[in-house]
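# Residue-level structure breakdown
The primary structure of each chain is shown beneath.
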Amino acid sequence: MKAIRRFTVRPVLPEPLRPLSDLARNLRWSWHAETRDLFQAVDPERWAASGGDPVRLLGGVPPARLAELAEDRRFLRRLAAVEGDLHDYLTGDRWYQAQTDDLPRAIAYFSPEFGITAALPQYSGGLGILAGDHLKAASDLGVPLIGVGLLYRHGYFRQSLSRDGWQQEHYPVLDPNELPLALLKEADGSPAQVALALPGGKSLRARIWLARVGRVPLLMLDSDVEENDLGERGVTDRLYGGGSEHRLLQEMLLGIGGVRAVRAYCRLTGHPEPEVFHTNEGHAGFLGLERIAEACAQGLDFDSALEAVRAGTVFTTHTPVPAGIDRFDRELVARHFGPDAELPRMDVERILRLGMETYPGGEPNLFNMAVMGLRLAQRANGVSLLHGQVSREMFAGLWPGFDPEEVPITSVTNGVHAPTWVAPEVLRLGARQIGPQRTEDALAVGGSERWDAAADISDQDVWELRRSLREQLVTEVRERLRAAWRQRGAGTAELGWIDGVLDPDVLTIGFARRVPSYKRLTLMLRDRDRLMELLLHPERPVQIVVAGKAHPADDGGKRLVQELVRFADDPRVRHRIVFLPDYGMAMAQKLYPGCDIWLNNPLRPLEACGTSGMKAALNGCLNLSVLDGWWDEWFQPDFGWAIPTADGVGTDPDRRDDIEAAALYDLLEQRVTPRFYERGPGGLPDRWIEMVRQTLSLLGPKVLAGRMVREYVERLYTPAALAHRSLDPDAARDLAEWKARVRAAWPAVTVDHVETSAVTATAELGTTLGLRVRVGLGDLGPDDVEVQAVSGRVDEEDRIADATAVPLKPVGAPDQEGRWVYEGPLSLDRTGPFGYTVRILPAHPLLASGAELGLVAVPSQELVAAAGLLMR
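Predicted, not measured: the structure shown is a model, and the values here were computed from it.

This next bit is on a negative patch on the surface. On the surface, Glu 34, Asp 37, Glu 440 and Asp 441 cluster together into a negatively charged patch. Inspection of the secondary structure puts Glu 34 in helix α2 (residues 33-42).

Below you can see the structure in the form of structure tokens.
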């Protein structure tokens, strides 16, 4: 029989055990081993059955066991110690509190998904895991962050396989009352709500659930409330589900509703109001519109409000391909804003212009969320050095006249939260070397260039650790594989072969991630005979563990999964290669430590960062990867291998896959497997162990989320907070008026004449030339612009590379025609072909970059030809 109504019955804990409830409801337990050990001690069998979820555990412990624990003095001492540790963690000063007074009072961090723990399944892949690690690292550092997201009642889908290996999706219903969440409540005890106006007089309401991520509150908006109609109740049903309008409503609720939720949280708790708003990918971009509306309600016009909002906004782009960006039909967006819907006092045309693709090749009828994100943020970044470069090229059309390297998009390379991803055995080994507190600080806060203590770990200890982790992975894989085959319809009698799957003494390769085509799940299958030889080699075999989910609407991705599964089903190799369905955080935490090699073979440069290899590296796993994302930045032969790529222009995709797959097989056959199986005088693989040690000591400190969040604080959040404080209403009006005046006057800004003191077209290194330039500024004055000499080496087409820009100074007053003369030195500081040019940029103390307005004046072609601006 099916129940007609469902309740969540909470356990009543005896008074001495009450702290267990607080410990369960702060998600710090997900990365704090002592807290997890305490919960395991409550009831080891139920802890395992709950999947390591304290809320589920406490809901199932019998009263008799609770009464027994309430009398157990040893357990109560442990409970008091863990409770005291959490109190110290939440209230004590950390890294942030030791910095200067210029730091933001608070930062709001918006993301469509957050991967905190498997017990709160609100993530689909790398973006969500990164957001979760960002919150955890911020908590460890003491950064006053407020996370903002949505609560999806079905989360992301669970994956299983049909008998023939086709991906099947399941959407379990999540009850917030059974999750480590609490409702945000008004002073009278009623649930706090936010509301959005919809066309036709309807509204979209949402409650605000609060997750505590250590010191960081995470606000999650939930539209499944009785006040909504059926359609509106389903807005937060699934992550990345539904059609265009469904996605638009999700993103309006995240951005606009999210700002309102932050205001409610600060009002109800006294938390400082955020000075900086961080938009993690374009999905949350509408938060800028809500903040503009707030500023307009306080008396600012749209343009002044836009400047005030931009100053305190940071935008992070995660996608290196236009197809990965949300774009909506203009008419759909227009229908949801304006007098009959949300933000009624705002001109719809002004909103639409923020998302317009006003660049060559852009679609005028589409509203681009990343374009809006960039226009609403004064500071923007990609997520690795290479991705920053790709992003500058991808969005260069928004800053016409500037070379891609000058586009104001920087990069902060992602990091991973070590306490979440490092195996307890690795932590214990570190604690043995340098002590528990120093280990915790090194992993959470970071700050050192090298972890030299790794050099002191004996070869024997390193190798025993690696084998132990591999053995655990073998056990985990067999359990998961058996469960997966049962789901596929196999009976117990058919599954005896699973007891022989994988071998704890065989080189183990891991490959696990989402399955879009560019990540090339099946590149390893390109030459199946060669792969089989690798798997079945009599002296140097390899074994491969593969996992990954294709998007429910991506049949191409599902076919790749099926192709891999069918190969792994082959009785000849199924003991050496496995596909594990339902990849998620719980599986990943076992997979990374147990692998010897982490494989990554995307189409370069389409991997924005790719953090799975970082998690593996922190456990002593070596990377074997295409030079893309973070690996392009930090690869050294000391701790891994780079797969050569064929990403030159004009390479046929099939041919490219053949070339790169062959390079992968060559590396495995000739370099990787010999090194793993080669034994030194002591019977250990000395050279392999040394690579593990180098990985830990040199890569370890770099890949930390603590390092990443510190970079955000120092390079983006603090400058944004200072800019926010500078733009009070009067300053915002002044800046908006100045920008309008500059834009109107810019067509009359010209470079009219350039001359140097050079007599010939050759000169000696170190020579300094005098440069004299006559410019027309129209209605502008020298305070409104900067005239620059730009110089550097030139290529065959006279393009300047590695340019250096030097400001020139005005000399005297304007002439009778209103022209100004600027002068300055030009240093010939490089040998070979050398060139220079002159340009004029808008200049104002409140601009974050000279390219901010996308305006530049350069010499005309006629002037260039006449001046002979090239020095050789």
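Quick look at the packing of aromatic side chains now. Overall, the coordinates contain 20 aromatic pairs when judged by the stated rule. Arranged with centres 5.4 Å apart and planes meeting at 45°, the rings of Phe 286 and Phe 337 form a pair that is tilted. Linking Phe 286 in the loop between β9 (276-280) and α10 (287-297) with Phe 337 in the loop between α12 (330-335) and α13 (348-354), this pair joins segments that are 51 residues apart in sequence. Under the relative-accessibility criterion, Phe 286 is labelled buried at 0%. When the ring of Tyr 712 is compared with that of Tyr 717, the centres are 5.8 Å apart and the planes differ by 25°; the resulting orientation is stacked. Classification of Tyr 712 as buried rests on a relative accessible area of 2%.

Across all of its chains, the model carries 6 cavities of 30 Å³ or more by this definition. In this model, the largest cavity occupies a volume close to 90 Å³. If you go around the largest cavity, the residues you meet are Leu 161, Leu 481, Ala 484, Trp 485, Arg 488, Trp 497, Val 565, Ala 568, Asp 569, Ile 577, Val 578 and Phe 579. Mapped by element, the contributors of at least two residues to the lining of the largest cavity are α19 (459-487), α21 (555-568) and β17 (577-580). Among the residues forming the lining of the largest cavity, the class breakdown is 10 nonpolar, no polar and 2 charged.

Counting buried residues in strand β7 (residues 203-213) gives 8 out of 11 residues, a clear majority hidden from the surface. Of the pairings in the sheet, the one linking strand β5 (residues 182-183) to β7 comprises 2 bridges and is antiparallel in character. Along β7, the bridge assignment pairs Leu 183 with Trp 209. Where strand β6 (residues 193-197) meets β7, 5 bridges bridge the pair, whose relative direction is antiparallel. Paired with Gln 193 across the strands is Arg 207, a residue of β7. If you look at the hairpin formed by β6 and β7, you'll find 5 residues sitting between the two strands, and Gly 200 has a positive phi there, around 75°. The pairing of β7 with strand β8 (residues 216-222) spans 7 bridges and is classified as antiparallel. Each residue of the ladder has a partner; that of Val 213, found in β8, is Val 216.

Another point: a positive patch on the surface. A cluster of basic residues, Arg 73, Arg 74, Arg 77 and Arg 78, forms a positive patch on the protein surface. Turning to its location among the elements, Arg 77 is positioned in helix α6 (residues 73-91).

An order of β21-β22-β26-β25 is seen for the 4 strands of this open sheet, with the pairing classed as antiparallel. Edge strands, defined here as strands with exactly one partner in the open sheet, are β21 (750-756) and β25 (809-811). On average, adjacent strands in this sheet sit at an angle of 30° to one another, irrespective of strand direction. In the sheet, β21 pairs with strand β22 (residues 768-776) via 6 bridges, with the strands oriented antiparallel. Of the residues in β22, the one forming a bridge with Val 751 is Val 775.

Okay, α19 next. The terminal C-alpha atoms of α19, which comprises 29 residues, lie 42 Å apart, in line with the 42 Å expected from a rise of 1.5 Å per residue. Backbone geometry just after α19 places Gly 489 at a positive phi near 105°.

Moving on, we come to the side chain of His 283. With respect to the element layout, His 283 can be found in the loop between β9 and α10. Classification of His 283 by relative accessible area gives buried; the value is 10%. A distance of 3.1 Å separates the side chain of His 283 from the side chain of Glu 251, its partner in a polar contact.

With that out of the way, let us pick up the sheet that holds strand β15 (residues 507-512). The strand order across the open sheet built from 6 strands is β17-β16-β15-β18-β19-β20, with neighbouring strands paired in parallel fashion. Where the open sheet ends on each side, the last strands, each with one partner, are β17 and β20 (640-643). Each strand of the sheet is rotated relative to its neighbour by a mean of 20°, with strand direction disregarded. Pairing of strand β18 (residues 597-600) with strand β19 (residues 622-626) involves 4 bridges; the strand directions are parallel. Bridge pairing links Ile 597 to Leu 622 in β19. Together, β16 (542-547) and β17 form the strand contacts of α21, whose direction differs from that of β17 by roughly 135°. Where helix α26 (residues 686-699) meets the sheet, its contacts fall on β15, β18, β19 and β20, and the angle it forms with β19 comes to roughly 80°.

All right, on to the packing of helix α17 (residues 424-434) against α19 then. The geometry of α17 relative to α19 is characterised by a closest axis approach of 10 Å and an angle of 160° between their N-to-C directions. Comparing their axes, α19 and α17 come out roughly antiparallel. Here α17 and α19 pass one another in a crossing that is right-handed. For the pair α17 and α19, the contacting residues are Glu 425, Val 426, Leu 429 and Arg 432 in the first and Asp 461, Leu 465, Leu 469 and Gln 472 in the second.

Attention shifts here to the environment of Leu 161. Residue position: Leu 161 is located in strand β3 (residues 158-161). If we skip the residues at most four places from it in the chain, Leu 161 touches Trp 166, Gln 167, Gln 168, Gln 487, Arg 488, Val 561, Val 565, Phe 579 and Pro 581.

It is worth spelling out unusual backbone geometry at this point. The amide bond that connects Arg 604 to the next residue, Pro 605, takes the cis arrangement and shows omega of 5°. Assignment of secondary structure puts Pro 605 in the loop between β18 and α23 (612-617). Even without a glycine there, the phi angle at Leu 502 is positive, about 65°. Position of Leu 502 among the secondary structure elements: in the loop between α19 and β15. Non-glycine residue Asp 582 carries a positive phi angle of around 65°. Within the fold, Asp 582 resides in the loop between β17 and α22 (585-594). Under the relative-accessibility criterion, Asp 582 is labelled buried at 18%.

The next point concerns the packing of α19 against α22. For the pair α19 and α22, the least separation of the axes is 8 Å and the interaxial angle reads 140°. With respect to each other, α19 and α22 are oriented oblique. Handedness of the crossing formed by α19 with α22: left-handed. For the pair formed by α19 and α22, the contact residues are Arg 466, Leu 469, Arg 470, Leu 473, Glu 476 and Arg 480 on the first element and Ala 586, Met 587, Lys 590, Leu 591, Pro 593 and Gly 594 on the second.

Bringing the environment of Val 416 into the picture now. Among the secondary structure elements, Val 416 is positioned in the loop between β14 (410-411) and α16 (418-421). On the accessibility criterion, Val 416 (1% relative accessible area) is buried. In this structure the C-alpha to C-alpha distance between Val 416 and Arg 260, which are 156 residues apart in sequence, comes to 30 Å. Filtering out sequence-adjacent residues up to four positions away, Val 416 remains in contact with Asp 133, Trp 421, Thr 611, Met 614, Lys 615, Leu 618, Val 703, Leu 704 and Ala 705.

Moving on: the layout of surface pockets. Estimates place the volume of the second largest pocket at around 1000 Å³. Residue lining of the second largest pocket: 34 residues in total, with Arg 310, Arg 375, Arg 743, Glu 852 and Leu 853 positioned closest to the centre. Only α11 (302-311), α13, α14 (369-375), β13 (379-382) and α28 (729-745) provide two or more residues apiece to the lining of the second largest pocket. With 5 residues, α11 is the largest single contributor of residues to the lining of the second largest pocket. Considered class by class, the residues forming the lining of the second largest pocket number 18 nonpolar, 6 polar and 10 charged.

Moving on to the nonpolar core. In terms of nonpolar packing, the biggest core is built from 106 residues, with Met 524, Ile 597, Leu 624, Trp 641 and Trp 688 touching the most fellow members. Apart from residues no more than four positions distant in its own chain, Trp 688 is found in contact with Trp 463, Leu 507, Asp 596, Ile 597, Leu 622, Trp 641, Val 672, Arg 675 and Phe 676. Counting 97 residues, the second-largest nonpolar core is a separate cluster that includes Val 742, Val 754, Val 787 and Ala 789.

Definitions and limits used
Residues numbered from 1 in each chain as written. Predicted model: local features only at pLDDT ≥ 70, side-chain atom pairs only at ≥ 80, totals over all residues. Heavy atoms only, no water. Patch = residues over 30% accessible without salt bridge, like charges linked within 9 Å, V, L, I, M, F, W, Y side chains within 5 Å. Areas by Shrake-Rupley, 256 points an atom, 1.4 Å probe, with all protein chains shown as cover. Salt bridge = Lys/Arg side-chain N within 4 Å of Asp/Glu carboxyl O. Lys, Arg positive; Asp, Glu negative; His and termini not counted. Charge placed at Lys NZ, Arg CZ, Asp CG, Glu CD. Helix = DSSP H or I, 4+ residues; strand = E, 2+ residues; numbered from the N terminus. Phe/Tyr/Trp six-rings, centres within 6.5 Å; stacked < 30°, edge-to-face > 60°. Buried < 20%, exposed > 50% of the residue type's maximum accessible area, 1.4 Å probe, protein only. 1 Å grid on protein atoms, 1.4 Å probe; cavity = no way out; pocket = protein on both sides within 12 Å on 5 of 7 lines; lining within 4 Å. Points joined across faces, edges and corners; volume = space filled by probe spheres on them. Nonpolar A, V, L, I, M, F, W, Y, C, P; charged D, E, K, R; others polar. Pairing = 2+ DSSP bridges. Axes fitted to C-alpha atoms, helices over the stretch in contact; angles between N-to-C directions. Expected span 1.5 Å × (residues − 1). Polar contact = N/O pair within 3.5 Å; in protein donor to acceptor, adjacent residues only side chain to side chain. Contact = heavy atoms within 4.5 Å. Parallel < 35°, antiparallel > 145°, perpendicular 65-115°, else oblique. Left-handed = near helix turned anticlockwise from the far one by under 90°. Core = buried A, V, L, I, M, F, W, Y, C linked by side-chain atoms within 4.5 Å.

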